[in-house]
Amino acid sequence: MEDRLNDQDETAARCAAIVAAVAGHGDLDNAATGFGRLPDDLPGRSRLAAALVEATF
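Right, let's walk through the structure included here. (Residues numbered from 1 in each chain as written. Predicted model: local features only at pLDDT ≥ 70, side-chain atom pairs only at ≥ 80, totals over all residues. Heavy atoms only, no water.)

**Regarding the overall build of the chain**
Part 1 of the reasoning: Of the regular secondary structure elements, the chain holds three helices and zero strands.
Part 2 of the reasoning: Helices and strands appear in the chain in the N-to-C order α-α-α.
Part 3 of the reasoning: Over its C-alpha trace the chain gives a radius of gyration of 11 Å, about what one expects of a compact globule, namely 10 Å for 57 residues.
Part 4 of the reasoning: Overall size of the chain, expressed as C-alpha extent along the three principal axes, is 40 × 20 × 15 Å. (Helix = DSSP H or I, 4+ residues; strand = E, 2+ residues; numbered from the N terminus. Rg over C-alpha atoms; globule rule 2.2 N^0.38 Å.)

**Some thoughts on the packing of aromatic side chains**
Part 1 of the reasoning: Considering all chains together, one arrives at zero aromatic pairs under this definition.
Part 2 of the reasoning: Arginine 45 extends its terminal NZ or CZ atom over the ring of phenylalanine 35, reaching a point 4.3 Å from the ring centre. (Phe/Tyr/Trp six-rings, centres within 6.5 Å; stacked < 30°, edge-to-face > 60°. Lys NZ or Arg CZ within 6 Å of the ring centre and 35° of its normal.)

**Looking at the nonpolar core**
Part 1 of the reasoning: Counting nine residues, the largest nonpolar core consists of Cys15, Ile18, Ala21, Ala31, Phe35, Leu38, Leu42, Leu48 and Leu52.
Part 2 of the reasoning: Elements with a contribution of two residues or more to this core: α1 (2–22), α2 (28–36) and α3 (45–56).
Part 3 of the reasoning: Sorting elements by how many residues they give to this core places α1 first, with three residues.
Part 4 of the reasoning: Once you skip the residues sitting within four places of it in the chain, isoleucine 18 turns out to touch Ala31, Gly34, Phe35, Leu38, Leu48 and Leu52. (Core = buried A, V, L, I, M, F, W, Y, C linked by side-chain atoms within 4.5 Å. Buried < 20%, exposed > 50% of the residue type's maximum accessible area, 1.4 Å probe, protein only. Contact = heavy atoms within 4.5 Å.)

**Some thoughts on the pattern of salt bridges**
Part 1 of the reasoning: One pass over the structure, following the stated rule, counts two salt bridges.
Part 2 of the reasoning: Glutamate 10 is paired through a salt bridge with arginine 14; the nearest N and O atoms lie 4.0 Å apart. Taken together, the positions of glutamate 10 and arginine 14, both in helix α1 and four residues apart, correspond to about one turn of that helix.
Part 3 of the reasoning: Take glutamate 10: its relative accessible area is 40%, and that puts it in the partly exposed class.
Part 4 of the reasoning: Arginine 45 is paired through a salt bridge with aspartate 40; the nearest N and O atoms lie 3.8 Å apart.
Part 5 of the reasoning: Assessed through its relative accessible area of 18%, arginine 45 is described here as buried.
Part 6 of the reasoning: Relative accessible area serves as the criterion here: at 69%, aspartate 40 is assigned to the exposed category. (Salt bridge = Lys/Arg side-chain N within 4 Å of Asp/Glu carboxyl O.)

Structure follows, in structure tokens:
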């Protein structure tokens, strides 16, 4: 159970870093790397991807 919570915490931290970077308060390169480590079936993953692409261009 504790491993699952750690995984959820890491996923939440990656999502927060992506949102911060998209908002101009973080590193987009690190956010893109973090995005690649998100679970494929994460709800909202496609929205994070779209926000990263939009922020990059």
